[in-house]
Amino acid sequence: MSSVQRAAEKSVKDRKGADNIRIKAGHMLTFDHLVLQPDIVERQVARKVVRKNMIRAAGCLALPLTLMYFMTYVIAARLHEDITNVFFLESTLRMRTDNIFNDVNTVEDLWDALTSKEYNSFLDVFFHQTDIFGNPQVRNLTQEVFGDWGMVESYNQIQGAVRVFQTRKDSVDYNTKYTCNSKISCELCRMNEGFQSIRMFSSRPPMNPDCGTWKGRRLTESGEEEEEAEIIALETSNETRSVERRLHIQRPELRTSFPANENADPKDGFRFWLFPSETQDQVLERLNYFRSRNFIDKDTQLLQIRMYLMNVELGRNRLEELSLTFRFSEAGSVYYERYLQTLFLAFWQSMTSMAADGLFFLILVLTLCYRIWHMWKAFLTSKLFHHLMSLHTAWEWVIVMFGWYSMLGFYNMMVWEKQVIDALEPIHRRGWEMGQKNVDEISEFFDICDVVSVGTAAIRVIFAQYSIVLMFRFFVSFGSQPRLAIVLRTMQNVMTDFYHFLIVFLPTFMAYVISGSLIFGRRIEAFATIQSSVGTCFRIGMESEYNWLDMSAEFFWAAALWAWSFLLLVVLLFLNMVLAIILDIYNETRESSFPGEAIWETMGQFMTRTRRYRHWVPDKVLDNSLAYAAGVDQGMLTRKDLELEFPDMPDQQKDQFFQACRVEMKWESAKDLTRKNLLKLTGSVMDALDVAHKAVDRVTEDEREDPLSTWVNATPPAPMTHDLKNEQSSNFLLKPFDTKGGKHPKLKLGEYVDECQADGGPEWLQETWTLLRDQRKWIEYANWHCQLMQWQVQQAMESRKYDETISSGAPVL
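How each quantity is defined
Residues numbered from 1 in each chain as written. Predicted model: local features only at pLDDT ≥ 70, side-chain atom pairs only at ≥ 80, totals over all residues. Heavy atoms only, no water. Helix = DSSP H or I, 4+ residues; strand = E, 2+ residues; numbered from the N terminus. Buried < 20%, exposed > 50% of the residue type's maximum accessible area, 1.4 Å probe, protein only. Contact = heavy atoms within 4.5 Å. Areas by Shrake-Rupley, 256 points an atom, 1.4 Å probe, with all protein chains shown as cover. Expected span 1.5 Å × (residues − 1). Axes fitted to C-alpha atoms, helices over the stretch in contact; angles between N-to-C directions. Parallel < 35°, antiparallel > 145°, perpendicular 65-115°, else oblique. Left-handed = near helix turned anticlockwise from the far one by under 90°. Nonpolar A, V, L, I, M, F, W, Y, C, P; charged D, E, K, R; others polar. Pairing = 2+ DSSP bridges. Salt bridge = Lys/Arg side-chain N within 4 Å of Asp/Glu carboxyl O. Core = buried A, V, L, I, M, F, W, Y, C linked by side-chain atoms within 4.5 Å.

Draft legend 1. Geometry of the overall build of the chain. In terms of helices and strands, the chain carries 27 helices and 12 strands. Classification of the 813 residues of the chain by burial places 41% in the buried group. Taking as baseline every contact in the chain between residues at least 6 positions apart, the subset at least 24 positions apart corresponds to 73%. Here the chain has roughly 47100 Å² of accessible surface; of this, 60% comes from carbon and sulfur atoms.

Pasting the structure below:
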């Protein structure tokens, strides 16, 4: 080991490559020898094990807190959102509205779906005023109970009115000549509602168009009064038909391609109302009036039907916003979209929900205080900037800020709930007497609900994304467990190669996106926009499935070239390359990572530590003790040293400690045995063996002359070439030695010890006789092998002579 020590004594800047190889070889051989010793470890390795235990304990103890933080948030958000009941309600409404407009192909079909009384039409679903037995529904019984009038799907009641709203290319009022023939049609015509923008309608009186001179009703043959609105309106509708358009289900990626914008000022739009307090025939008369006057024409860009349904049967009281949006493309098509949003009128579902909110708030406050305390500690030690620049610290602050933003969202939902209830009160006070004269109150209710719906939708997106943000917090706790840390380090190491992969992949992928949009976008909706083309190409890449018949309907060979090259280049080459990168880096990371215990072993160790917590020595105390011992120049740590320092330490802790140290030393001895260093380490070991062989020859020669002098006369340590105080504390190879035996002999002058007394003599003499006996046994063993080799050589010579005699034909004696 003298060559290793000489290499270790050199300063880092003076060491050569051979010196580093010698030091690695010295570590490998020394640790490999120490692994075989059950109760002795190198002290720096022991400190390293203790510090790893401290980090692992901190991470594992943080895991329950992280899990509690995550679970309380998820439970609180889940109870507030009531996802399952919302699905039951909204799925029914989606199914019914889709069935209403399933067979609509033109604008006239749209009017037919709105004005038909047949089963599963708009009037049948939303203004169905009879029960399942055909009996008329009952209006309000008392001031608080409104009966079953205006019910949708038996349990949802329309609140206020149904708003029909449209936007046009410009906000100029438009009008056609119309002769009214009923009270409702004349009232609508003279107010010019629906044909005058909301801004103009509220800022100045109606235009008072020419609506005829109708003043009363006509009598039927039976003497009853009958309104002519429905007949005349339908006749007018047959005379003047609007421009026909085709209807399609609208995809979200097409929304930005339409000229109509939902964010435009609604005051520039046009609207009219349908009142659930009226009978189905009266609602039909209103719709036929707007149909006959061509409310929808070639300048219409967007038509929206919005209503709010009250449900008090399915858990908490709630308002369900239902919006049916029709966008009119200048290409002649109509695109249909339905949107539902639930507005709860009771903030907490139960005491469980309230308790989950309180517990989450408490954990959030404690987390904030803990982060501030760590920041204050860093400030006191002048490490605030380094603390804030840490990725872990920055991510923890992001989590805390998101948490408080979520709490702000909960508070806003409470405020909005009160605003919606206040807006509902004047509507409920009037019961089923709501009509055209109450439009201002209904408009205020719709305006408040619109704002609350947009804000609630945004907060729900934050709620959903925050659970994903909290997922990354688990990585910190998982990183303290050795086996889980391999997975996390793989994810970290793969990012560099993945970024370079994206630099090559993204231009290739976007080239196919744009090419697909140019080839197929004219006739396939999935490629009509860049957004939809990106989604379609990504789906083809992941699923390797596409509609070949539609794609190859035109430009067959161009479509074939696009599809085949996309599958070969993107699907087969690039995606498999990602898997190859991940697997290769995972193998490298696993080979270069410490092979710690499995997670169930870690859990078992913590359970043992919990059972023995009274006498279990904390890792911090162990680390301080080892640091002090390292300062007084003690290189090795034995079980006896540990027992003297901590007499009450449980045997389980000592067993775990020494087992962990042996695993650590085994890893230290094997981590440099890579394909790159193996040949160099072998050469260094062979060189050291040559030096050791010469030293053994010299020692053997010295012991042959005077065996005792080599133990009595200590060999002085070689002088160090530079100051190595800092390295001595971390490199046990630099520890000086006093004697070859590793112990100070105890001699007494004039004392003669006979060989027969060796078993009961001094310790140094017992060790000497033991070494001599072992040496004699080794010499006898070596002599036996030499004799065996001599016999084998002699037999080989005789066999050779025998073969030569046979081959020459001479007689064998």
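Okay, back to it.
Draft legend 2. Fine view of helix H11 (residues 351–380). In a regular helix each residue adds 1.5 Å, so 30 residues correspond to 44 Å; H11 covers 43 Å between its end C-alpha atoms and thus fits that length. Those residues of H11 that fall on the buried side of the exposure criterion are Ser-353, Ala-356, Asp-357, Phe-360, Ile-363, Leu-364, Thr-367, Arg-371 and Ala-378. Those residues of H11 that are buried are in contact with helix H3 (43–81), helix H12 (384–389), helix H13 (391–430), helix H14 (439–471) and helix H15 (473–478). Positive backbone phi, at 60 degrees, marks Ser-382, one or two positions downstream of H11.

Draft legend 3. Quick peek at the packing of H13 against H14. Axis separation between H13 and H14 bottoms out at 9 Å; the angle between their running directions is 155 degrees. It follows that H13 is roughly antiparallel to H14 by the angle criterion. Between H13 and H14 lies a crossing whose hand is left-handed. Residue composition of the contact of H13 with H14, grouped by class: 22 nonpolar, 7 polar and 2 charged.

Draft legend 4. Geometry of the pairing of strand S8 (residues 270–274). Along S8, 5 of the 5 residues are buried, which leaves the element largely enclosed by surrounding structure. Here S8 shows two buried faces, one formed by Phe-270, Phe-272 and Leu-274 and the other by Arg-271 and Trp-273. Summarising the sheet, strand S4 (residues 162–168) and S8 pair through 5 bridges and their orientation is antiparallel. By the bridge assignment for S8, Val-164 is matched with Phe-272.

Draft legend 5. Quick peek at the pattern of salt bridges. Under the criterion given, the structure shown has 24 salt bridges. In this structure, the salt-bridge partner of Arg-163 is Asp-450, at a minimum N-O distance of 3.6 Å. Note that Arg-163 is positioned in strand S4 and Asp-450 in helix H14, a separation of 287 residues in sequence. By the burial criterion, Arg-163 is buried, and Asp-450 matches it. If you follow the salt bridges from partner to partner, you end up with Arg-163, Arg-306, Glu-321 and Asp-450 in one network.

Draft legend 6. Structural detail: unusual backbone geometry. With a phi angle near 70 degrees, Asn-120 is a residue other than glycine that sits in the positive phi range. The residue Asn-120 is located in the loop between helix H5 (107–115) and helix H6 (122–126) in this model. A positive phi angle, near 55 degrees, is found at Ser-544, a position not held by glycine. With respect to the secondary-structure elements, Ser-544 resides in the loop between helix H17 (530–543) and helix H18 (548–551).

Draft legend 7. Main features of the nonpolar core. Of all hydrophobic cores here, the largest spans 47 residues; its most connected members are Phe-101, Phe-122, Phe-126 and Phe-326. Phe-275, Leu-424, Cys-449 and Leu-470 belong to the second-largest nonpolar core, a separate cluster that totals 35 residues.

Draft legend 8. Up close: the packing of helix H16 (residues 482–520) against H17. The geometry of H16 relative to H17 is characterised by a closest axis approach of 9 Å and an angle of 115 degrees between their N-to-C directions. The hand of the H16/H17 crossing is right-handed. Where H16 approaches H17, its residues Phe-509, Met-510, Tyr-512, Val-513, Ile-514 and Ser-517 are matched on the opposing element by Ile-530, Ser-533, Val-534, Cys-537 and Phe-538. Taken together, the residues of the contact of H16 with H17 sort by class into 9 nonpolar, 2 polar and no charged.

Draft legend 9. Quick look at the environment of Thr-367. Residue position: Thr-367 is located in helix H11. Through-space distance from the C-alpha of Thr-367 to that of Val-400 is 7.4 Å; in sequence the pair is 33 residues apart. In this structure, Thr-367 is in contact with Tyr-69, Val-400 and Arg-473, ignoring residues within four places of it in sequence.

Draft legend 10. Seen up close, the environment of Trp-562. Along the chain, the position of Trp-562 falls in helix H19 (residues 556–592). Its relative accessible area of 4% is what places Trp-562 among the buried residues. Each C-alpha atom, one on Trp-562 and one on Met-551, is 9.9 Å from the other, the two residues being 11 residues apart in sequence. If near-sequence neighbours (up to four positions away) are discounted, Trp-562 is found in contact with Tyr-512, Ser-515, Gly-516, Ile-519, Phe-520, Phe-527, Cys-537, Ile-540 and Met-551.

Draft legend 11. Here's a closer look at the environment of Arg-489. By secondary structure assignment, the location of Arg-489 is in helix H16. For Arg-489, a relative accessible area of 32% corresponds to the partly exposed category. Each C-alpha atom of the pair Arg-489 and Thr-589 lies 7.1 Å from the other, and the pair is 100 residues apart in sequence. Those residues in contact with Arg-489 that sit more than four places away from it in its chain are Pro-482, Thr-589 and Ser-593.

All we've got here are geometric facts, nothing functional implied.
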